[in-house]
Amino acid sequence: HLALIVFPRMDLLTIPEEISQLEKLSYLMFRYLDSIVFPMKLKHVRRVDFYGVPANGIYNALCALPALEYVSIDGTGNLALSTCFLKPEKLKGLFLFNTDLIDISIDLDRLVSLEKIEFEYCDINAVQGEIVGISSLRHLAINYCDLEEDWVNTFRQTHTISVDTLRI
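Predicted, not measured: the structure shown is a model, and the values here were computed from it.

Side note on the pairing of strand β8 (residues 116-120)
Sheet topology places strand β7 (residues 93-104) next to β8; 5 bridges connect them, and they run parallel. Its bridge partner being in β8, G93 is matched across the sheet by K116. As paired elements, β8 and strand β9 (residues 139-143) share 5 bridges and run parallel to each other. The partner of E120 across the bridge, within β9, is N143.

Okay, here's the thing in C-alpha cells:
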C-alpha cells in the first residue's frame, strides 16, 4: 500500500509506466524538477505537492492527474491556473506559497468543490477578481501578500466565509 512517492531533484523525470498499476498511490511530491514527463494518466492520485518546479513542469503533471483534490505549489514564480486541470470540479484545496498567480483561465463554474485556498508570500493582484468569483470557497487564508482593503471588503460581502476562516 504505497500512498506517497517523492521525486527529488533531477534534470528530466519520466514517470515509469509501472506507477499506473499502483492503485493505492494517492500522493505525489515533486522537488526541484525542470521537466516532468507522464507517459500515462495516473487516475488514483488525489494530492500533489510541487516545490521549486517550474510552471511548465506543473502544467504537464496537472494534465496527467485527473483525480486531483489537493494541490500545493511552492516557489514556482509566475503561474497561470489553466484548463490543464482535467477535472477542476474535483479540486477541493489549493495552496500556493512563494508563487505569483498571474491568471486563472479555468471556468469558475467548474470549481464546484474548491473550498479551501491558502496563499503565502504570493502576488495575487492579477486574479483578485477571479478569487471573488469562486462561490464554493469556505476557507481563504492570505498571509504576507499585498492586498487592497477594497478587495477584502468586497470579498467579505460576496462570500459567506466567517471572519475566523478569512485570514488576511
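Back to the write-up after that little detour.
A look at the pairing of strand β3 (residues 27-31)
Counting buried residues in β3 gives 4 out of 5 residues, a clear majority hidden from the surface. Pairing geometry for β3 and strand β5 (residues 47-51), over 5 bridges, is parallel. Considered in β5, the bridge of M29 is made with D49.

What about the environment of D34?
For D34, the position within the fold is in the loop between β3 and β4 (36-37). In this structure D34 comes out as partly exposed when scored by relative accessible area, which is 44%.

Describing the pattern of salt bridges
Throughout the structure, instances matching the rule amount to 5 salt bridges. Linked by salt bridges that have partners in common, R46, E69 and K92 make up one network.

A closer look at the environment of Y70
In this structure, Y70 sits in strand β6 (residues 70-81). In sequence terms Y70 and Y27 are 43 residues apart; their C-alpha atoms lie 9.3 Å from each other. In contact with Y70, other than residues within four places in its own chain, are R46, R47, V48, L91, K92, G93 and F95.

Definitions and limits used
Residues numbered from 1 in each chain as written. Predicted model: local features only at pLDDT ≥ 70, side-chain atom pairs only at ≥ 80, totals over all residues. Heavy atoms only, no water. Pairing = 2+ DSSP bridges. Helix = DSSP H or I, 4+ residues; strand = E, 2+ residues; numbered from the N terminus. Buried < 20%, exposed > 50% of the residue type's maximum accessible area, 1.4 Å probe, protein only. Salt bridge = Lys/Arg side-chain N within 4 Å of Asp/Glu carboxyl O. Contact = heavy atoms within 4.5 Å.

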